[in-house]
Amino acid sequence: MKLKQLREEVIEANLEIVRRRLVLYTFGNASGIARDEGLVAIKPSGVPFADLRPEQIVLTDLDGKVVDSSLRPSSDLDTHLELYREFPGIGGVVHTHSTHATAFAQARREIPCCGTTQADYWYGPVPVTAPLTAEEIEEDYERNTGRAIVRRLAGMNPDDLPGVLVAGHGPFTWGASAAKAAFHAVVLEELATMAVLTLALNPAVEPLLQAEIDKHFLRKHGPSATYGQ
Ligand SMILES: [Zn+2]
(Lines give C-alpha, C1' and ligand atoms only; values in the text may rest on other atoms or scores of the structure.)
Protein backbone atom coordinates (compact mmCIF):
# COMPACT_ATOMS: atom_id res chain seq x y z
CA MET A 1 0.00 0.00 0.00
CA LYS A 2 1.23 3.49 -0.77
CA LEU A 3 2.14 5.35 2.40
CA LYS A 4 0.32 8.48 1.21
CA GLN A 5 -2.85 6.45 0.86
CA LEU A 6 -2.31 4.89 4.30
CA ARG A 7 -1.93 8.31 5.90
CA GLU A 8 -5.11 9.53 4.21
CA GLU A 9 -7.00 6.44 5.39
CA VAL A 10 -5.78 7.00 8.93
CA ILE A 11 -6.93 10.63 8.86
CA GLU A 12 -10.32 9.54 7.59
CA ALA A 13 -10.66 6.93 10.39
CA ASN A 14 -9.74 9.54 13.00
CA LEU A 15 -12.33 11.94 11.57
CA GLU A 16 -14.97 9.20 11.42
CA ILE A 17 -14.78 8.46 15.17
CA VAL A 18 -15.20 12.19 15.88
CA ARG A 19 -18.13 12.56 13.43
CA ARG A 20 -19.87 9.59 15.07
CA ARG A 21 -19.44 11.23 18.48
CA LEU A 22 -17.24 8.52 19.90
CA VAL A 23 -14.49 10.97 20.82
CA LEU A 24 -14.52 14.09 22.97
CA TYR A 25 -11.48 16.39 22.71
CA THR A 26 -8.54 13.99 22.17
CA PHE A 27 -9.96 10.86 23.92
CA GLY A 28 -9.19 8.51 21.06
CA ASN A 29 -6.98 7.58 18.15
CA ALA A 30 -6.89 5.51 14.98
CA SER A 31 -3.99 3.84 13.19
CA GLY A 32 -3.34 1.67 10.16
CA ILE A 33 -0.50 -0.54 8.98
CA ALA A 34 1.23 -1.16 5.65
CA ARG A 35 2.26 -4.80 6.23
CA ASP A 36 4.62 -4.99 3.23
CA GLU A 37 6.59 -1.97 4.45
CA GLY A 38 6.21 -2.90 8.14
CA LEU A 39 5.09 0.66 8.89
CA VAL A 40 2.33 1.86 11.18
CA ALA A 41 0.61 5.22 10.64
CA ILE A 42 -0.96 6.80 13.73
CA LYS A 43 -2.46 10.06 14.88
CA PRO A 44 0.12 12.44 16.33
CA SER A 45 -0.16 13.43 19.97
CA GLY A 46 -1.62 16.83 20.78
CA VAL A 47 -2.98 17.78 17.35
CA PRO A 48 -6.73 18.53 17.25
CA PHE A 49 -8.57 16.08 14.97
CA ALA A 50 -9.98 18.83 12.76
CA ASP A 51 -6.50 20.12 11.94
CA LEU A 52 -4.93 16.79 10.92
CA ARG A 53 -2.93 16.90 7.68
CA PRO A 54 -1.44 13.81 6.01
CA GLU A 55 2.18 14.78 6.65
CA GLN A 56 1.41 15.04 10.40
CA ILE A 57 0.36 11.40 10.63
CA VAL A 58 3.31 9.69 12.31
CA LEU A 59 4.94 6.68 10.63
CA THR A 60 6.75 4.21 12.88
CA ASP A 61 8.18 0.74 12.50
CA LEU A 62 6.74 -2.18 14.50
CA ASP A 63 9.16 -1.39 17.35
CA GLY A 64 7.79 2.15 17.63
CA LYS A 65 10.75 3.94 16.06
CA VAL A 66 9.45 7.05 14.30
CA VAL A 67 10.56 6.99 10.66
CA ASP A 68 8.69 9.99 9.30
CA SER A 69 7.16 12.97 11.10
CA SER A 70 8.33 15.83 13.23
CA LEU A 71 5.52 15.12 15.70
CA ARG A 72 5.26 12.60 18.51
CA PRO A 73 2.92 9.62 17.98
CA SER A 74 -0.20 9.18 20.12
CA SER A 75 0.69 7.99 23.61
CA ASP A 76 -1.33 4.80 22.93
CA LEU A 77 1.07 3.77 20.14
CA ASP A 78 2.55 0.86 22.13
CA THR A 79 -0.91 -0.67 22.62
CA HIS A 80 -1.58 -0.46 18.87
CA LEU A 81 1.85 -1.99 18.09
CA GLU A 82 1.28 -4.93 20.43
CA LEU A 83 -1.97 -5.70 18.57
CA TYR A 84 -0.30 -5.42 15.13
CA ARG A 85 2.51 -7.75 16.23
CA GLU A 86 0.24 -10.37 17.78
CA PHE A 87 -2.70 -10.23 15.33
CA PRO A 88 -0.96 -10.42 11.94
CA GLY A 89 -4.23 -10.35 10.00
CA ILE A 90 -5.38 -6.91 11.14
CA GLY A 91 -4.80 -3.68 9.22
CA GLY A 92 -6.19 -1.02 11.55
CA VAL A 93 -6.74 -0.28 15.24
CA VAL A 94 -9.06 2.27 16.89
CA HIS A 95 -9.31 3.34 20.52
CA THR A 96 -12.05 5.53 21.96
CA HIS A 97 -13.66 6.34 25.28
CA SER A 98 -17.17 6.15 23.79
CA THR A 99 -19.68 6.46 26.59
CA HIS A 100 -21.58 3.19 26.76
CA ALA A 101 -18.72 0.88 25.78
CA THR A 102 -16.55 2.62 28.37
CA ALA A 103 -19.29 2.20 30.99
CA PHE A 104 -19.09 -1.59 30.47
CA ALA A 105 -15.28 -1.41 30.64
CA GLN A 106 -15.45 0.55 33.89
CA ALA A 107 -18.03 -1.85 35.33
CA ARG A 108 -15.64 -4.66 34.25
CA ARG A 109 -18.51 -6.39 32.51
CA GLU A 110 -18.51 -8.05 29.14
CA ILE A 111 -21.33 -7.07 26.80
CA PRO A 112 -23.63 -10.11 26.68
CA CYS A 113 -24.85 -11.17 23.27
CA CYS A 114 -28.59 -10.61 23.68
CA GLY A 115 -29.47 -9.71 20.10
CA THR A 116 -28.79 -10.39 16.47
CA THR A 117 -27.28 -6.94 15.90
CA GLN A 118 -24.35 -8.02 18.05
CA ALA A 119 -24.22 -11.53 16.55
CA ASP A 120 -23.84 -9.97 13.10
CA TYR A 121 -20.45 -8.49 14.12
CA TRP A 122 -19.15 -10.19 17.29
CA TYR A 123 -19.23 -13.98 17.57
CA GLY A 124 -20.64 -13.85 21.12
CA PRO A 125 -20.13 -11.48 24.06
CA VAL A 126 -17.73 -8.55 23.73
CA PRO A 127 -14.94 -9.60 26.14
CA VAL A 128 -13.47 -7.49 28.90
CA THR A 129 -9.81 -7.82 29.90
CA ALA A 130 -8.47 -8.61 33.35
CA PRO A 131 -7.39 -5.45 35.23
CA LEU A 132 -3.69 -4.57 35.03
CA THR A 133 -1.57 -5.09 38.12
CA ALA A 134 0.21 -2.16 39.81
CA GLU A 135 3.52 -3.36 38.29
CA GLU A 136 1.96 -3.50 34.81
CA ILE A 137 0.68 0.05 35.25
CA GLU A 138 3.93 1.49 36.57
CA GLU A 139 6.17 0.00 33.90
CA ASP A 140 5.37 -0.21 30.19
CA TYR A 141 1.71 0.68 30.76
CA GLU A 142 0.63 1.03 27.14
CA ARG A 143 2.31 -2.16 25.99
CA ASN A 144 0.87 -4.03 28.96
CA THR A 145 -2.57 -2.77 27.97
CA GLY A 146 -1.99 -4.44 24.60
CA ARG A 147 -0.74 -7.60 26.27
CA ALA A 148 -3.91 -7.75 28.42
CA ILE A 149 -5.99 -7.61 25.25
CA VAL A 150 -3.92 -10.35 23.59
CA ARG A 151 -4.15 -12.55 26.70
CA ARG A 152 -7.92 -12.12 26.80
CA LEU A 153 -8.18 -13.29 23.18
CA ALA A 154 -5.87 -16.28 23.65
CA GLY A 155 -7.20 -19.21 21.64
CA MET A 156 -9.74 -17.03 19.84
CA ASN A 157 -9.72 -15.56 16.36
CA PRO A 158 -9.45 -11.74 16.34
CA ASP A 159 -11.60 -11.74 13.19
CA ASP A 160 -14.45 -13.26 15.23
CA LEU A 161 -14.17 -10.66 18.01
CA PRO A 162 -13.10 -7.37 16.38
CA GLY A 163 -12.76 -5.50 19.64
CA VAL A 164 -12.57 -5.81 23.41
CA LEU A 165 -13.13 -3.66 26.47
CA VAL A 166 -10.04 -2.86 28.53
CA ALA A 167 -11.11 -3.02 32.18
CA GLY A 168 -11.29 0.39 33.80
CA HIS A 169 -10.39 2.09 30.52
CA GLY A 170 -12.40 1.65 27.31
CA PRO A 171 -12.77 -0.11 23.97
CA PHE A 172 -10.10 -1.07 21.44
CA THR A 173 -11.35 -2.31 18.07
CA TRP A 174 -9.59 -3.54 14.94
CA GLY A 175 -10.27 -4.71 11.40
CA ALA A 176 -8.77 -5.32 7.99
CA SER A 177 -8.15 -1.57 7.58
CA ALA A 178 -8.27 1.63 9.62
CA ALA A 179 -11.74 2.23 8.15
CA LYS A 180 -12.94 -1.20 9.31
CA ALA A 181 -11.51 -0.63 12.78
CA ALA A 182 -13.42 2.68 12.98
CA PHE A 183 -16.57 0.96 11.73
CA HIS A 184 -16.25 -1.62 14.50
CA ALA A 185 -15.79 1.18 17.08
CA VAL A 186 -19.07 2.74 15.89
CA VAL A 187 -20.89 -0.61 15.93
CA LEU A 188 -19.51 -1.45 19.38
CA GLU A 189 -20.81 1.80 20.87
CA GLU A 190 -24.25 1.06 19.42
CA LEU A 191 -24.17 -2.50 20.82
CA ALA A 192 -23.19 -1.18 24.25
CA THR A 193 -26.03 1.38 24.14
CA MET A 194 -28.54 -1.34 23.25
CA ALA A 195 -27.17 -3.57 26.02
CA VAL A 196 -27.52 -0.84 28.67
CA LEU A 197 -31.18 -0.38 27.70
CA THR A 198 -31.81 -4.14 27.49
CA LEU A 199 -30.31 -4.78 30.93
CA ALA A 200 -32.31 -1.87 32.38
CA LEU A 201 -35.56 -3.31 31.02
CA ASN A 202 -34.74 -6.89 31.99
CA PRO A 203 -31.71 -7.43 34.24
CA ALA A 204 -32.25 -11.21 34.06
CA VAL A 205 -32.29 -11.35 30.24
CA GLU A 206 -30.97 -14.58 28.70
CA PRO A 207 -28.34 -14.34 25.97
CA LEU A 208 -29.19 -15.50 22.46
CA LEU A 209 -29.05 -19.22 21.80
CA GLN A 210 -25.74 -20.28 20.25
CA ALA A 211 -27.73 -21.46 17.22
CA GLU A 212 -28.90 -17.91 16.55
CA ILE A 213 -25.43 -16.43 17.15
CA ASP A 214 -24.07 -19.00 14.67
CA LYS A 215 -26.81 -18.20 12.14
CA HIS A 216 -26.09 -14.49 12.19
CA PHE A 217 -22.32 -14.43 12.55
CA LEU A 218 -21.46 -17.30 10.24
CA ARG A 219 -23.67 -16.19 7.36
CA LYS A 220 -21.70 -12.94 7.26
CA HIS A 221 -18.25 -14.11 8.28
CA GLY A 222 -18.00 -17.91 8.07
CA PRO A 223 -16.36 -19.91 5.30
CA SER A 224 -19.76 -20.29 3.61
CA ALA A 225 -20.82 -16.68 4.13
CA THR A 226 -23.65 -15.80 1.79
CA TYR A 227 -24.97 -12.56 3.17
CA GLY A 228 -23.88 -8.99 2.79
CA GLN A 229 -20.70 -9.85 0.89
ZN1 LIG B 1 -7.72 5.68 26.43
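Residues numbered from 1 in each chain as written. Predicted model: local features only at pLDDT ≥ 70, side-chain atom pairs only at ≥ 80, totals over all residues. Heavy atoms only, no water.

### Looking at the packing of helix H2 (residues 77–86) against helix H6 (residues 141–152)
One can describe the packing of H2 onto H6 by two numbers: an axis separation of 7 Å at closest approach and a directional angle of 40°. The angle between H2 and H6 falls in the class oblique. For the pair H2 and H6, the crossing hand works out as right-handed. Contacts from Asp78, Thr79, Glu82, Leu83, Arg85 and Glu86 in H2 reach Glu142, Arg143, Thr145, Gly146, Arg147, Ile149 and Val150 in H6. By residue class, the composition of the contact of H2 with H6 is 3 nonpolar, 3 polar and 7 charged. (Axes fitted to C-alpha atoms, helices over the stretch in contact; angles between N-to-C directions. Helix = DSSP H or I, 4+ residues; strand = E, 2+ residues; numbered from the N terminus. Parallel < 35°, antiparallel > 145°, perpendicular 65-115°, else oblique. Left-handed = near helix turned anticlockwise from the far one by under 90°. Contact = heavy atoms within 4.5 Å. Nonpolar A, V, L, I, M, F, W, Y, C, P; charged D, E, K, R; others polar.)

### Structural notes on the layout of surface pockets
When its volume is computed, the second largest pocket comes out at roughly 200 Å³. Looking at the second largest pocket, it is lined by 14 residues, and the ones nearest its centre are Thr26, Gly28, Asn29, Ser75 and Asp76. Looking at side-chain class alone, the lining of the second largest pocket contains 2 nonpolar, 10 polar and 2 charged residues. (1 Å grid on protein atoms, 1.4 Å probe; cavity = no way out; pocket = protein on both sides within 12 Å on 5 of 7 lines; lining within 4 Å. Points joined across faces, edges and corners; volume = space filled by probe spheres on them.)

### As for a nonpolar patch on the surface
A cluster of nonpolar side chains, Leu24, Tyr25 and Phe27, forms an exposed patch at the surface whose accessible area comes to about 390 Å². By the secondary structure assignment, Tyr25 is in the loop between helix H1 (3–19) and strand S1 (28–34). On the accessibility criterion, Tyr25 (70% relative accessible area) is exposed. (Patch = residues over 30% accessible without salt bridge, like charges linked within 9 Å, V, L, I, M, F, W, Y side chains within 5 Å. Areas by Shrake-Rupley, 256 points an atom, 1.4 Å probe, with all protein chains shown as cover. Salt bridge = Lys/Arg side-chain N within 4 Å of Asp/Glu carboxyl O. Buried < 20%, exposed > 50% of the residue type's maximum accessible area, 1.4 Å probe, protein only.)

### Focus on the sheet that holds strand S5 (residues 92–96)
Here we have 7 strands laid out as an open sheet, ordered S4-S3-S2-S1-S5-S7-S6, and antiparallel in their pairing. Sheet topology places strand S4 (66–68) and strand S6 (163–166) at the edges, where each strand pairs with a single neighbour. For this sheet, the mean inter-axis angle between neighbouring strands, taken without regard to orientation, is 25°. One ladder, built from 4 bridges, connects S6 with strand S7 (residues 170–175); its direction is antiparallel. Note that in S7 the partner of Val166 across the bridge is Gly170. Sitting on the sheet, H2 is in contact with S1, strand S2 (39–42), strand S3 (58–61), S5 and S7, with an inclination near 40° to S1. (Pairing = 2+ DSSP bridges.)

### Some thoughts on the side chain of Glu16
Considering the arrangement of structural elements, one finds Glu16 in helix H1. Assessed through its relative accessible area of 17%, Glu16 is described here as buried. Look past the residues within four positions of Glu16 in its chain and what remains in contact with it is Ala182 and Val186.

### Focus on the nonpolar core
Formed by 35 residues in total, the largest nonpolar core has its most connected members in Leu83, Ile111, Trp122, Leu165 and Trp174. Those residues in contact with Leu83 that lie beyond four places of it in its chain are Ile90, Val93, Gly146, Ile149, Val150 and Trp174. Core analysis: the next-biggest nonpolar cluster, separate from the first, contains 20 residues, Ala13, Leu22, Ile57 and Leu59 among them. (Core = buried A, V, L, I, M, F, W, Y, C linked by side-chain atoms within 4.5 Å.)

### Details of the coordination of the zinc ion
Protein coordination at the zinc ion comes from His95 (NE2), His97 (NE2) and His169 (NE2), with a distance range of 2.0 to 2.1 Å. Each donor residue of the zinc ion belongs to the same chain, with the gaps between them written as H-x1-H-x71-H. With His95 in strand S5 and His169 in the loop between S6 and S7, the pair connects residues that are 74 residues apart, well separated along the chain. Each of the two residues, His95 as well as His169, counts as buried. (Donors = N, O, S within 2.8 Å, 3.2 Å for Na, K, Ca; no water.)

### Some points on the pairing of S3
In this structure, S2 lies alongside S3, joined through 4 bridges in antiparallel fashion. Its bridge partner being in S3, Ile42 is matched across the sheet by Val58. Sheet analysis places S3 next to S4, joined by 2 bridges and oriented antiparallel. The residue bridging Thr60 from the neighbouring strand is Val66, located in S4.

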